[in-house]
Amino acid sequence: MMTFTLIVALFSPHAVGEASRLKPSDELPQESAFDLDDLKGAVAAAGLEFTDEELAQLMPLATDRIAHYEKMRSRSVENMIAPASIFRPLEASPTVDDRTLAATDPLPEVKRPDDLRTLLWAEIPTLAALVKSKQVSCVELTELFLTRLQEVDPVLHCVISTTEERAMEQARQLDAELDAGKWRGPLHGIPYGVKDLCAVKGTRTSWGAMPYKDQVIDTDATVVKKLDSAGAILIAKTTLGALAMGDIWYGGKTLSPWNTERGSSGSSAGSAAAVGAGALPFAIGSETLGSIVSPSTRCGNSSLRPTFGRVSRHGAMALSWSMDKLGPICRSLQDTSIVLDAIEGTDDLDLDCVDRPFEIPGATSIEGWRIGYSQTAFEDSPEHRSVLEELKSLGAELVQIDLPDYPVWPMMVILFAESACAFDELTMSDRDDELVEQGTRAWPNTFRAARLIPAVEYIRAQRLRTLLMRDTGKALAAVDAFVSPAGDFQSLGITNLTGHPSLVAPCGFGDNRMPRAITFIGHPYDEARLIAIGDAWQRDTQYHQKRPTLEAYIQKEGR
């Protein structure tokens, strides 16, 4: 099955100079099953062509390398161990004038509702105000959202496991702290969920995949530790498409709360569906190539994909070490700033993670601010053009911009090579057969195909990535942010490669009852300005206040 694994890194026989001659071949097997025909096939699969003489020269070294690969594979490496390299987004400063952001809004003045179920749709500041004033206890909020999860999960299939015992213990402790006069901040007592690729002590961490459904990782992911410290209460581990692709996991398919005939998309499927259904005030998702933006679009969430390196990924499943990002899936864009404030910052256990200033912005006027857009993208999605008019009505200046033209999809060999390495032991053991989805585009075949990516082409893609970061920084330098339809792959693909932060939020609805969404893209580490822009637009438009109708489906399930 695995004879094609030999082709990576075969094609540079002089790359290490004299050192390559210092390692004798006498430790290799006397006979090898690998022959000249195999070598020709490997070379052809890499898109190369060598003469017979060159192939004859290459044969001994190719055989040598195969044995070296076997020696490296004999050392097991955990998924969370990153390569000895660091990726940093390019911190290109915009040329627009510095903007003044309003100070953080105070908590609103609110009273306890007669029916606590009206709080299922409340935003974080409202919940925080009720908790801080002790009108609603942390225990009450926790029980409220646990009950709602029990209602919606049979319909949406959005929860892998609940953490009820842990949550109730936290809630009682946090109520005691309030009685003693200690308030940790706006997340004190606020329930949340975390995508089940993040490790939590005492729980299974299944990565949504059958081979790992009983896996227990004895640590708390850094993002969970930080939310614990902020006073947030973890009540559920939410579904994800197996190994962070799509919305199909070993327990079924996660559905959108807006139309249960449609999947929620993925891979942050359960986080998006639960928040969209009023079952969690917020949740943690992750994105490598659309896994926050896409399900947030399907489920009507207001979410943030932070700058690469803004939030530690320690304790989270690795898919692509140079592209993975964790971020909050929320009810409003203002809520994303509250969660980001709690989870951002350095971590010695994630060397890609950096510390950059961040302040939660309050309600800010964006009059005179410059916002870029692609004419082509909005011509292809005319249903999104109303957002441009809404931004104009707020006094923003729209600037037509063309993002740089790069072979973005071919450059995704970066993702494919890194993901195949992250799950190499799964492939080599043939346990990939246990994954629910099989086929040309499914992970098992994608991992196998990645074995045919030459190391030289992976590095070439990374070098193109450097140029892409520079050119994207230049293209966006004259604007405060860039706006695009959420389904536009060019902006999604480019900014996941460059590490730019992105907001996604609903901006209307289609005939199929499904939300459509817009994205706002900011400068690296400039989330405060980005959120201020998105929040100003959202406060004016109120699309995020619309709610799905799920009760008929819940009743159909006998609840």
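Residues numbered from 1 in each chain as written. Predicted model: local features only at pLDDT ≥ 70, side-chain atom pairs only at ≥ 80, totals over all residues. Heavy atoms only, no water.

1. Description of the overall build of the protein
Here is step 1 of the chain: The number of helices and strands found in the protein is 18 helices and 15 strands.
Here is step 2 of the chain: Taking 2.2 N^0.38 as the reference for a compact globule, 559 residues should give roughly 24 Å; the C-alpha atoms of the protein span a radius of gyration of 25 Å, in line with that estimate.
Here is step 3 of the chain: For the C-alpha atoms alone, the extent of the protein along its principal axes is close to 85 × 50 × 45 Å.
Here is step 4 of the chain: When each of the 559 residues of the protein is scored for burial, the buried share is 58%.
Here is step 5 of the chain: Taking all contacts inside the protein whose residues are at least 6 apart in sequence as the whole, residues at least 24 apart take part in 78%. (Helix = DSSP H or I, 4+ residues; strand = E, 2+ residues; numbered from the N terminus. Rg over C-alpha atoms; globule rule 2.2 N^0.38 Å. Buried < 20%, exposed > 50% of the residue type's maximum accessible area, 1.4 Å probe, protein only. Contact = heavy atoms within 4.5 Å.)

2. Thoughts on the pattern of salt bridges
Here is step 1 of the chain: Tallied over the full model, the rule gives 26 salt bridges.
Here is step 2 of the chain: As a salt-bridge pair, R305 and E287 come within 2.9 Å of each other at their nearest N and O atoms. Of this pair, R305 sits in strand 9 (residues 302-305) while E287 sits in strand 8 (residues 283-287), placing them 18 residues apart in sequence. In terms of burial, R305 and E287 fall into one category: buried.
Here is step 3 of the chain: Among the ionic pairs, D535 bridges to R539, the shortest N-O distance being 2.6 Å. Taken together, the residues span about one helical turn, with D535 and R539 both in helix 17 (residues 527-541) at a distance of four residues.
Here is step 4 of the chain: What makes D535 buried here is its relative accessible area of 4%.
Here is step 5 of the chain: According to the relative accessible area criterion, R539 is partly exposed, its value standing at 37%.
Here is step 6 of the chain: Salt bridges here are not isolated pairs; linked through shared partners, they connect R99, D480, D526 and R529. (Salt bridge = Lys/Arg side-chain N within 4 Å of Asp/Glu carboxyl O.)

3. Quick notes on the nonpolar core
Here is step 1 of the chain: Counting residues in each nonpolar core, the largest one holds 136 residues, and the members touching the most others are L243, F282, L391, F423 and V483.
Here is step 2 of the chain: The leading source of residues in this core is helix 4 (residues 138-156), at 10 residues.
Here is step 3 of the chain: Those residues in contact with F282, other than ones at most four positions away along the chain, are I124, L187, I190, P191, Y192, G193, L227, A232, V275, I329, C330 and V339. (Core = buried A, V, L, I, M, F, W, Y, C linked by side-chain atoms within 4.5 Å.)

4. Observations regarding the environment of I81
Here is step 1 of the chain: Mapped onto the fold, I81 is located in the loop between helix 2 (52-73) and helix 3 (124-132).
Here is step 2 of the chain: Placed 233 residues apart in sequence, I81 and H314 show a C-alpha to C-alpha distance of 9.3 Å.

5. Regarding the state of the cysteines
Here is step 1 of the chain: Scanning the model with the defined rule gives zero disulfides in all.
Here is step 2 of the chain: C138 carries a free sulfur, and the closest cysteine sulfur to it, the one in C330, is 18 Å from it.
Here is step 3 of the chain: A disulfide-free cysteine, C330 has its sulfur positioned 14 Å from the sulfur of C299, the nearest such atom. (Disulfide = S-S within 2.5 Å.)

6. What about a negative patch on the surface?
Here is step 1 of the chain: Among the surface-exposed residues, E143, E164, E165 and E169 lie close enough to one another that they form a single negatively charged patch.
Here is step 2 of the chain: Examining the composition of the negative patch, we find that three residues originate from one element, helix 5 (residues 164-179), more than from any other.
Here is step 3 of the chain: Along the chain, the position of E143 falls in helix 4. (Patch = residues over 30% accessible without salt bridge, like charges linked within 9 Å, V, L, I, M, F, W, Y side chains within 5 Å. Areas by Shrake-Rupley, 256 points an atom, 1.4 Å probe, with all protein chains shown as cover. Lys, Arg positive; Asp, Glu negative; His and termini not counted. Charge placed at Lys NZ, Arg CZ, Asp CG, Glu CD.)

7. Some remarks on helix 16 (residues 489-498)
Here is step 1 of the chain: Burial analysis of helix 16 places eight of its 10 residues in the buried class, the great majority of the element.
Here is step 2 of the chain: Positive phi appears at G499, one or two residues downstream of helix 16, with a value of about 90 degrees.

8. A short note on unusual backbone geometry
Here is step 1 of the chain: Of the consecutive residues G266 and S267, the connecting peptide bond is found in the cis state with omega at 15 degrees.
Here is step 2 of the chain: Of note in the backbone geometry, L243 takes a positive phi value of approximately 55 degrees without being a glycine.
Here is step 3 of the chain: Turning to its location among the elements, L243 is positioned in the loop between strand 3 (233-238) and strand 4 (248-249).
Here is step 4 of the chain: For L243, a relative accessible area of 0% puts it in the buried group.
Here is step 5 of the chain: Despite not being glycine, S265 has its phi angle at roughly 70 degrees, a positive value.
Here is step 6 of the chain: Relative to the helices and strands, S265 is located in the loop between strand 7 (259-263) and helix 7 (269-276).

9. Thoughts on helix 1 (residues 36-45)
Residues spaced three or four apart along an α-helix face the same direction, because each turn holds 3.6 residues.
Here is step 1 of the chain: Looking only at helix 1, the buried set comprises L39, A42 and V43. Summarising the axial view, the buried residues of helix 1 lie within an arc of 100 degrees, below the 170-degree limit, and thus occupy one face. Facing away from the buried side of helix 1 by more than 90 degrees, the exposed set consists of D37 and A44.
Here is step 2 of the chain: Near the N-terminus of helix 1, the side chain that reaches the backbone nitrogen of D37, with its oxygen 3.2 Å away, is that of D35.
Here is step 3 of the chain: A positive backbone phi angle near 75 degrees is found at G47, which sits one or two residues after helix 1. (Arc of directions from axis to C-beta. Polar contact = N/O pair within 3.5 Å; in protein donor to acceptor, adjacent residues only side chain to side chain.)

10. What about the packing of aromatic side chains?
Here is step 1 of the chain: The tally for this structure, following the rule as stated, stands at 14 aromatic pairs.
Here is step 2 of the chain: Pairing F423 with F447 gives two aromatic rings, centres 5.7 Å apart and planes at 15 degrees, and the pair type is stacked. You can see F423 sitting in the loop between helix 12 (413-422) and helix 13 (424-428) and its partner F447 sitting in helix 14 (residues 443-450), a full 24 residues away along the chain.
Here is step 3 of the chain: An aromatic cluster of at least three residues, connected via ring pairs, comprises W207, Y212, F423, W443 and F447.
Here is step 4 of the chain: Directly above the aromatic system of Y525 lies the positively charged group of R356, at a separation of 5.0 Å from the ring centroid. (Phe/Tyr/Trp six-rings, centres within 6.5 Å; stacked < 30°, edge-to-face > 60°. Lys NZ or Arg CZ within 6 Å of the ring centre and 35° of its normal.)

11. Considerations on the sheet that holds strand 9
Here is step 1 of the chain: Across the sheet, which stays open at both edges, the 11 strands sit in the order 1-3-2-8-10-9-14-15-13-11-12 with mixed pairing between neighbours. Two strands bound the open sheet, and with one partner strand each, they are strand 1 (159-162) and strand 12 (397-400). Direction aside, neighbouring strands of the sheet carry axes that sit 30 degrees apart on average.
Here is step 2 of the chain: The pairing of strand 1 with strand 3 spans three bridges and is antiparallel. Residue pairing across strands places T162 opposite A236, the latter belonging to strand 3.
Here is step 3 of the chain: Strand contacts of helix 5: strand 1 and strand 3, with the helix running at about 160 degrees to strand 3, the strand carrying the most contacts. (Pairing = 2+ DSSP bridges. Axes fitted to C-alpha atoms, helices over the stretch in contact; angles between N-to-C directions.)

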